[in-house]
Amino acid sequence: MSETDNELNSKVIPSLLNEIIYSNEIGLRVSEIEGDAVLFYKRGELPKLKDLIRQCKYFYTQFYKQLRKLEIKHQHKSGSKSIPKTLGLKIILHYSEEIDSVQIGKHIKLIGEDVIVAHRLLKNDIKTDEYLLFSSNLLDEYNTKDLDSKLYWDDIKKGKDVYEHIGEIKYTYIDLTTLLDT
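### Some points on the nonpolar core
Inference 1: Counting residues in hydrophobic clusters, the biggest one holds 31 residues, and the most contacted among them are Phe63, Ile91, Leu93, Leu132 and Phe134.
Inference 2: Within the residue set of this core, elements represented by two or more residues are α1 (6–22), α2 (49–73), β3 (90–93), β6 (131–135) and α5 (136–139).
Inference 3: In contact with Leu93, not counting residues within four places along its chain, are Leu52, Cys56, Leu132, Leu133, Phe134, Ser135 and Leu138.
Inference 4: Listed in part, the 10 residues of the second largest apolar core include Val117, Tyr131, Leu133 and Tyr163.

### With respect to the pattern of salt bridges
Inference 1: Applying the stated criterion across every chain, the model contains 3 salt bridges.
Inference 2: We note a salt bridge from Glu32 to Lys109, for which the minimum N-O separation is 3.0 Å. Highlighted residues: Glu32 in strand β1 (residues 29–34) and Lys109 in strand β5 (residues 107–111), separated in sequence by 77 residues.
Inference 3: Since its relative accessible area comes to 34%, Lys109 is described here as partly exposed.
Inference 4: One salt bridge in this structure joins Asp51 and Arg54, with 3.1 Å as the shortest N-O distance. Taken together, the positions of Asp51 and Arg54, both in helix α2 and 3 residues apart, correspond to about one turn of that helix.
Inference 5: Residue classification places Asp51 among the partly exposed positions, given a relative accessible area of 31%.

### Quick look at the sheet that holds strand β8 (residues 167–175)
Inference 1: Pairing in this open sheet of 4 strands is mixed, and the strands run β3-β6-β8-β7 from one edge to the other. Among the strands making up the open sheet, the edge pair consists of β3 and β7 (156–163). In this sheet, adjacent strand axes meet at a mean angle of 25° when their direction is disregarded.
Inference 2: Sheet topology note: the β7/β8 ladder contains 8 bridges and is antiparallel. Within β8, the position partnered with Lys158 by the bridge is Thr172.

### Some details on the layout of surface pockets
Inference 1: Computed from the structure, the largest pocket encloses a volume of approximately 1500 Å³.
Inference 2: As for the largest pocket, its lining consists of 46 residues, and the residues nearest its centre are Val38, Leu39, Phe40, Ile91 and Ile92.
Inference 3: The set of elements that each furnish at least two residues to the lining of the largest pocket consists of α1, β1, β2 (37–41), α2, β3 and α4 (113–120).
Inference 4: For the lining of the largest pocket, the class distribution of residues is 28 nonpolar, 7 polar and 11 charged.
Inference 5: Considering only enclosed or pocket space, the second largest pocket measures out at about 180 Å³ in volume.
Inference 6: Lining the second largest pocket are 12 residues, with Ser136, Leu139, Asp140, Lys158 and Thr172 positioned closest to its centre.
Inference 7: Those elements that provide at least two residues to the lining of the second largest pocket are β6, α5, β7 and β8.
Inference 8: The dominant element in the lining of the second largest pocket, judged by the number of residues it contributes, is β8, at 3 residues.
Inference 9: Along the lines of polarity and charge, the residues of the lining of the second largest pocket split into 4 nonpolar, 5 polar and 3 charged.

Definitions and limits used
- Residues numbered from 1 in each chain as written.
- Predicted model: local features only at pLDDT ≥ 70, side-chain atom pairs only at ≥ 80, totals over all residues.
- Heavy atoms only, no water.
- Core = buried A, V, L, I, M, F, W, Y, C linked by side-chain atoms within 4.5 Å.
- Buried < 20%, exposed > 50% of the residue type's maximum accessible area, 1.4 Å probe, protein only.
- Helix = DSSP H or I, 4+ residues; strand = E, 2+ residues; numbered from the N terminus.
- Contact = heavy atoms within 4.5 Å.
- Salt bridge = Lys/Arg side-chain N within 4 Å of Asp/Glu carboxyl O.
- Pairing = 2+ DSSP bridges.
- Axes fitted to C-alpha atoms, helices over the stretch in contact; angles between N-to-C directions.
- 1 Å grid on protein atoms, 1.4 Å probe; cavity = no way out; pocket = protein on both sides within 12 Å on 5 of 7 lines; lining within 4 Å.
- Points joined across faces, edges and corners; volume = space filled by probe spheres on them.
- Nonpolar A, V, L, I, M, F, W, Y, C, P; charged D, E, K, R; others polar.

Right, dumping it as structure tokens:
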């Protein structure tokens, strides 16, 4: 968003973050909002994988609906033409039983190595700008053989990255950029 002015940024980013937060239909809780990112978490039983994927698709479509509204609303402001080109959505899904929470002031903060893993997964070698990434830890919790292939909007790809102090993390991802064409 460096190509747009700060006043426009201060309206666009919160609006998009709110859209994502209020598009949550599966009971995810917000742990933190940092810059242009939202960290959701869920305790207890995992949602069905189909429901989780549908939720991510809904986040993505709502994000772009809101982005289009903002582009129209702010079309006469400096830098508004670059809004859709400079923003995108990356969704990281990770699972762990080793995450704890602590209260800091009025906020609940997640702690543990797997919180760090989730943050590090944002720094990956995926060549596309928008994707849905499933850590191998998460997919190991599901039987993916029975998954309806229509839920996947693009070919599923495999990847792995090595992170200092953590080691190798394997993941599966779906390129989300084709979703807007459907």
